[in-house]
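What follows is the residue order along each chain.
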Amino acid sequence: MKFNIIVLILFSFLLTFNVFGQTIPKEELIFLTSEWKGERFNDGRPKIPDDLLERAKKIGIDDAWTVLENEGYKNQFEGNWKMVHDEVPVVGRALTALFMPSRPDVEKSVKERGINSQGRKGNTNSWPIEVLTKGDVYVADSFGKIDAGTLMGATLATSIYSKSGNGVVFNGSARDLESISQIEGFNAFVRDFHPSFLEEEVLMGLNTPIRIGQVMVLPGDLVLAKREGVLFIPAHLAEQVVSTAEFVALKDQFGFEMVKTKKYSTGEIDSDWNEKLKAEFFEWLDKHPELVKMSKETLNKILSKRTW
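Residues numbered from 1 in each chain as written. Predicted model: local features only at pLDDT ≥ 70, side-chain atom pairs only at ≥ 80, totals over all residues. Heavy atoms only, no water.

**Q** Help me out: how do you make sense of the packing of helix H4 (residues 61–70) against helix H9 (residues 238–260) in this one?
**A** When two helices pack together, their arrangement is captured by the angle between the axes and the distance separating the axes. For the pair H4 and H9, interaxial distance at closest approach is 9 Å and the crossing angle is 125°. Here H9 runs oblique to H4, going by the angle between their axes. Crossing geometry of H4 relative to H9 is assigned as right-handed. Contacts between H4 and H9 pair Asp63, Ala64, Val67 and Leu68 from the former with Gln240, Val241, Thr244, Ala245 and Val248 from the latter. Taken together, the residues of the contact of H4 with H9 sort by class into six nonpolar, two polar and one charged. (Axes fitted to C-alpha atoms, helices over the stretch in contact; angles between N-to-C directions. Helix = DSSP H or I, 4+ residues; strand = E, 2+ residues; numbered from the N terminus. Parallel < 35°, antiparallel > 145°, perpendicular 65-115°, else oblique. Left-handed = near helix turned anticlockwise from the far one by under 90°. Contact = heavy atoms within 4.5 Å. Nonpolar A, V, L, I, M, F, W, Y, C, P; charged D, E, K, R; others polar.)

Shown next, in the form of structure tokens:
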């Protein structure tokens, strides 16, 4: 009996070790994202609802940035990217990967454990792809390496898109630009493109906190990547950011009509709204229900806070 208990304990330890190889424990990820109160993936990663991801695709990155800035989140944007397509946004939940310069003893151990104990296949840059789900964005920090820092080519890009329906954000490079550009709906935000193959890099973190330029990125963050650059929105602020950005777009459209018809001046539209102006705004919304994605309660809350 005592022997069986010891075996069971060892088995549980090894199982936990295998599950969390290259990752952080679920409890730690929940701790780091404790402000998130919604659904989570099995590993603890916040699961922003699919409908919110769809809404996020239509908001302006400048408006979203302003909401974060006003909430005290001042290190969420990173620019200076090269893209496959300028007009294809990449929006979804961050699945993070941390790469480091290779060291023979460490890489050997990591690969042996991954392949022999965890059922991993191929080089470590393909391992994050294995755990992608629909709506994920593969976000990787590979210390900005360009030559021999190509985290994907056309084959891996095809696999990424088939699993996630989304693109990537790499603080590194990619190859096969001509072939990748033919994957309809796919986009990549990378530091550069290069014809070389990946060398001297090893995966050291999977779904762990990483740094992309000036930003700390946590697994489950809402990634909003557009022509201006990439904005990483903490999961617990995603609903607020999206709703406020949607409101700003509505407010601007309403304001343009009011100014064009000379019913109100730009000064009145851009100042705190009085009750009469608010009432006219709600009347205008009633005439355009197809534009509204939030409740009047949410609209009133946004109007009262005025963080836009």
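**Q** I keep staring at unusual backbone geometry and nothing clicks. Help me out?
**A** Trans is the prevailing form of peptide bonds, just as negative phi is the prevailing case for residues other than glycine. Despite not being glycine, alanine 148 has its phi angle at roughly 65°, a positive value. Along the polypeptide, alanine 148 turns up in the loop between strand S4 (136–141) and helix H7 (154–164). With phi around 65°, lysine 262 is a residue other than glycine that occupies positive phi space. Residue placement: lysine 262 occurs in the loop between H9 and helix H10 (266–269).

**Q** Before we go on, may I ask you to explain the packing of aromatic side chains in this structure?
**A** The way to describe two aromatic rings as a pair is by their centre distance and the angle between their planes. All told, the structure shown has ten aromatic pairs when counted by the stated rule. Between tyrosine 138 and phenylalanine 170, the aromatic rings sit 4.9 Å apart at their centres with planes inclined by 80°, giving edge-to-face as the arrangement. In this pair, tyrosine 138 is assigned in strand S4 and phenylalanine 170 in strand S5 (residues 168–174), connecting sequence segments 32 residues apart. For the pair formed by tyrosine 138 and phenylalanine 170, the shared burial category is buried. Pairing tryptophan 273 with phenylalanine 281 gives two aromatic rings, centres 5.1 Å apart and planes at 65°, and the pair type is edge-to-face. Accessibility assignment for this pair places tryptophan 273 and phenylalanine 281 in one class, buried. Members of the aromatic cluster, each reached through a chain of ring pairs, are Phe247, Phe254, Trp273, Phe281, Phe282 and Trp284. Positioned over the ring face of phenylalanine 41 is arginine 45, at 4.3 Å from the centre of the ring. Directly above the ring of tryptophan 81 sits arginine 191, whose terminal nitrogen or CZ lies 3.9 Å from the centroid. (Phe/Tyr/Trp six-rings, centres within 6.5 Å; stacked < 30°, edge-to-face > 60°. Buried < 20%, exposed > 50% of the residue type's maximum accessible area, 1.4 Å probe, protein only. Lys NZ or Arg CZ within 6 Å of the ring centre and 35° of its normal.)

Interpretation in functional terms is not warranted from these geometric data alone.
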